[in-house]
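Given next are the chains, with one letter for each unit.
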Amino acid sequence: MTKTQRILAAIALAGAAAGLAAPAASAAPVAPLALPDLPTAAPGMPAGAQPGSVSEIGSKLSEGANQLNALMEVPNQLYPVIAPVEPVLGLAGGIE
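Residues numbered from 1 in each chain as written. Predicted model: local features only at pLDDT ≥ 70, side-chain atom pairs only at ≥ 80, totals over all residues. Heavy atoms only, no water.

Quick notes on the overall build of the protein
Our working definition: By definition, any uninterrupted DSSP run of H or I lasting at least four residues is a helix, any uninterrupted run of E lasting at least two residues is a strand, and each is numbered from the N terminus. Think of it in three bands: residues with accessible area under 20% of the maximum for their type are buried, residues over 50% are exposed, and the middle band is partly exposed, with areas taken using a 1.4 Å probe on protein chains only. Using a 1.4 Å probe, the Shrake-Rupley method yields the accessible areas, and only the shown protein chains count as cover for residues.
Along the protein, the regular secondary structure elements total 4 helices and 0 strands. What you see in the protein, going N to C, is helices and strands ordered as α-α-α-α. When the 96 residues of the protein are sorted by exposure, 0% land in the buried category. Entry remark: accessible area of the protein is about 8300 Å², with carbon and sulfur atoms responsible for 69%.

Some words on the confidence of the model for the protein
Fine structural detail should not be taken from predicted coordinates in areas where pLDDT scores are low. As a reminder of what qualifies: For every residue, the predictor reports its confidence as pLDDT, a number between 0 and 100.
Mean pLDDT over the protein stands at 74; residues scoring 70 or higher make up 67%. Helix H2 (residues 54-72) holds the highest mean pLDDT among the elements of the protein, 85, whereas helix H4 (residues 86-95) holds the lowest, 68.

Thoughts on a nonpolar patch on the surface
What counts, and what does not: Distance thresholds for patches are 9 Å for like charges and 5 Å for nonpolar side chains (Val, Leu, Ile, Met, Phe, Trp, Tyr), applied to residues having over 30% relative accessible area and no salt bridge. By definition here, a salt bridge exists when the distance from a side-chain nitrogen of Lys or Arg to a carboxyl oxygen of Asp or Glu is within 4 Å.
Where nonpolar side chains cluster on the molecular surface, the patch consists of Leu68, Leu71, Met72, Val74, Leu78, Val81, Ile82 and Val85 and spans about 740 Å² of accessible area. Those elements giving two or more residues to the nonpolar patch turn out to be H2 and helix H3 (74-82). Ranked by the residues each element gives to the nonpolar patch, the list is headed by H3, at 4 residues. Take Leu71: it is sitting in helix H2.

Observations concerning the environment of Gln50
Along the polypeptide, Gln50 turns up in the loop between helix H1 (3-26) and H2. Among the residues examined, Gln50 registers a relative accessible area of 29% and is labelled partly exposed.

In structure tokens, the structure reads:
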């Protein structure tokens, strides 16, 4: 048996072993996804500071992401204001 034939035989055996293991792995029951428990409020924490549900946490995260996106658009919104004075600012930068 040549070296190439041994390599091909090893690959074929590995593929056969994986093919036999795949049905056994797919037959295993899938564990249900469990959400973590919400943390309890610390003593003295305001009533509205603790989230009431996981969906409320998600909505707060989404709101924060929307605000970040709006902040990223500020330079594009300010361009019409800056564009007319940009040549003057360029000259002022050259004087420094």
